[in-house]
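What the coordinates show
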Amino acid sequence: MSDAIKTSSLSPEFRKEIFEEPGTEKITMCFNCTGCSSGCPMTELEPEFNIRKFLRMANLGMKDELLNNPYLWYCTTCYKCQERCPQGVPNVDALLKIRTIAVQNGVMLPAHKKVGQLVVKSGHAVPINDDTKEKRKALGLDEVPPTVHRFPDALSEVKKLLHIAGFDKIVAEEEEKK
Ligand code: SF4
Ligand code: SF4
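Residues numbered from 1 in each chain as written. Chains lettered and ligands numbered in written order. Predicted model: local features only at pLDDT ≥ 70, side-chain atom pairs only at ≥ 80, totals over all residues. Heavy atoms only, no water.

We now examine the overall build of the chain. Looking only at helices and strands, one finds 11 helices and 0 strands in the chain. Traced from its N-terminal end to its C-terminal end, the chain shows the element sequence α-α-α-α-α-α-α-α-α-α-α. When contacts within the chain are restricted to residue pairs at least 6 apart in sequence, those whose partners lie at least 24 apart make up 67%. A total accessible area of about 10,700 Å² is found for the chain, and carbon and sulfur atoms account for 55% of it. Distance between charge centroids for the chain: 1 Å, based on 25 positive and 25 negative side chains. (Helix = DSSP H or I, 4+ residues; strand = E, 2+ residues; numbered from the N terminus. Contact = heavy atoms within 4.5 Å. Areas by Shrake-Rupley, 256 points an atom, 1.4 Å probe, with all protein chains shown as cover. Lys, Arg positive; Asp, Glu negative; His and termini not counted. Charge placed at Lys NZ, Arg CZ, Asp CG, Glu CD.)

See the structure below:
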């Protein structure tokens, strides 16, 4: 993506949707000091990821460009940018809201969908294996944590909640495309 911001599909509704998250309207107070992006450890690794630019795009209502930008998912949520902002802009909260809107619109990276499928299937993003069980035992922990691993009957409740939230449908799309 070049540094120039394209203004092809401005959506005031998208902007309003972001502002439903308390405090995110403060992105309108950004005076472009670059404090957030210049200190971002992810931007150091991947210059295409730029929190300042993404929030500028959000403020303009650039829904399509933003939701379909794969770098949207590169933030590690370390919150360094949010702590540095002299204007009190909740950068990360705004970015997380944008990600939420992306997911609600069925936009996720394929890898994230796969993790989501694991959650739907097993109740966990990372299923337990024998190696992990051994490590837990060596640390003096129970072999399995007190989650659906230990209470498999609760898995149906997890699945029910994910279904009510529509999450199972969102992550199933990737499988259907195969
Ligand atoms: S640190 Fe705050 S004011 Fe400065 S560019 Fe980032 S969001 Fe804008
Ligand atoms: S929270 Fe995200 S955008 Fe902010 S500094 Fe950390 S990696 Fe960068």
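Following the structure, the description resumes.
Attention now moves to the site of ligand 2. The environment of ligand 2 is made up of C40, P41, F49, I51, C75, T76, T77, C78, Y79, K80, C81 and V92. Along the lines of polarity and charge, the residues of the shell around ligand 2 split into 9 nonpolar, 2 polar and 1 charged. (Near = heavy atom within 4 Å. Nonpolar A, V, L, I, M, F, W, Y, C, P; charged D, E, K, R; others polar.)

Once that is clear, we can look at unusual backbone geometry. Positive phi values are uncommon outside glycine, yet N32 reaches one of about 65°. The topology assignment puts N32 in the loop between α1 (12–19) and α2 (35–38). A positive phi angle, close to 70°, is found at Y79, a residue other than glycine. By the secondary structure assignment, Y79 is in the loop between α5 (63–67) and α6 (80–84). On the basis of relative accessible area, Y79 is assigned to the partly exposed category, the value being 30%. (Buried < 20%, exposed > 50% of the residue type's maximum accessible area, 1.4 Å probe, protein only.)

Along the chain, L10 falls in the segment before α1. C-alpha of L10 to C-alpha of N129: the two residues are 119 residues apart in sequence and 47 Å apart in space. Excluding anything up to four places from it in sequence, L10 contacts L60, G61 and M62.

As a further point, take the domain arrangement of the chain. Domains assigned within the chain are domain 1 (12–104) and domain 2 (110–177). Here the C-alpha centroids of domain 1 and domain 2 sit 29 Å apart. (Domains from an automatic or database assignment.)

This part takes up the side chain of N50. In this structure, N50 sits in the loop between α3 (41–45) and α4 (51–60). Within the local environment of N50, its side chain forms a polar contact with the backbone nitrogen of R52, the two atoms lying 3.0 Å apart. Filtering out sequence-adjacent residues up to four positions away, N50 remains in contact with S37 and T43. (Polar contact = N/O pair within 3.5 Å; in protein donor to acceptor, adjacent residues only side chain to side chain.)

On to the pattern of salt bridges, then. Across all of its chains, the model carries 5 salt bridges by this definition. With its nearest N and O atoms 3.3 Å apart, the salt bridge here joins D131 to K135. A residue pair is termed a helical-turn pair when its members lie 3 or 4 positions apart in one helix, as D131 and K135 do in helix α9 (residues 130–138) at 4 residues. What makes K135 exposed here is its relative accessible area of 51%. Each of E134, K137 and E143 takes part in one network of salt bridges that share partners. (Salt bridge = Lys/Arg side-chain N within 4 Å of Asp/Glu carboxyl O.)

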